[in-house]
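Each chain, letter by letter, is given below.
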Amino acid sequence: MEEKSKSERKREVEALQQLAISISKLTEGLLAQIPLPAELKNAILAYKKMTAHGALRRQAQFLGKLMREVDTDPIIEAYKNIQQQHQRENQSFHQIEIWRDRLLSEDKTALTDFINQFPDISTQELRQLITKAKKAGAHRELFRFLKQQLQNKL
């Protein structure tokens, strides 16, 4: 087995350090989903609280050191799952925005398309919300309704 070059080892260390920094940007709830050893978790929480540039740099190096000492496969896998979930939520959000905009700007063809694609949604309530949004500017109310109805369908 070939030994890795110094440059390659350095790139790997920097990648682990960047992963730890990326993990530190997660919310407390998402951070809890990642299987971190106690010392690493505490170091990440400390990093989140720091503001001074020099302290952040030193703590990032310390995070890289700790990351080298643990099995990173489950950490990487959990982080990827969180990223994928976030991406799916963003795509769903954008789809809902597109439907809302279509329902408000197009004539009945958009409503017909929507009903054909999602037949189990209350058509009467949807029509009322579209009318209300067009007359009174209740775009958010229409968006909330669509989000609630399409939550698990997109």
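Calculation rules
- Residues numbered from 1 in each chain as written.
- Predicted model: local features only at pLDDT ≥ 70, side-chain atom pairs only at ≥ 80, totals over all residues.
- Heavy atoms only, no water.
- Phe/Tyr/Trp six-rings, centres within 6.5 Å; stacked < 30°, edge-to-face > 60°.
- Helix = DSSP H or I, 4+ residues; strand = E, 2+ residues; numbered from the N terminus.
- 1 Å grid on protein atoms, 1.4 Å probe; cavity = no way out; pocket = protein on both sides within 12 Å on 5 of 7 lines; lining within 4 Å.
- Points joined across faces, edges and corners; volume = space filled by probe spheres on them.
- Nonpolar A, V, L, I, M, F, W, Y, C, P; charged D, E, K, R; others polar.

Chemist: In this structure, what is going on with the packing of aromatic side chains? I would like to understand it.
Modeler: Between two aromatic rings, the relevant description is the distance of the centres plus the angle of the planes. One pass over the structure, following the stated rule, counts four aromatic pairs. Judged by centre distance (5.1 Å) and plane angle (65°), the rings of Phe93 and Phe143 are edge-to-face. In this pair, Phe93 sits in helix H5 (residues 73-105) while Phe143 sits in helix H8 (residues 139-150), placing the two residues 50 residues apart along the sequence. Arranged with centres 5.0 Å apart and planes meeting at 80°, the rings of Trp99 and Phe114 form a pair that is edge-to-face. On the criterion of sequence distance, the pair formed by Trp99 in helix H5 and Phe114 in helix H6 (residues 108-117) is long-range, its members being 15 residues apart. One aromatic cluster is present, built from ring pairs that chain together Trp99, Phe114 and Phe118.

Chemist: What should I look at first to understand the layout of surface pockets in this one?
Modeler: Space left empty within the atom packing is revealed by a probe, the size of a water molecule, rolled over the atoms. Roughly 230 Å³ of volume is contained in the largest pocket. The wall of the largest pocket is formed by Gln85, Arg88, Glu89, Ser92, Phe93, Ile96, Lys147, Gln151, Asn152 and Leu154. No other element matches H5, which puts six residues into the lining of the largest pocket. A class-by-class count of the residues in the lining of the largest pocket yields three nonpolar, four polar and three charged.

The values are spatial; any link to function lies outside them.
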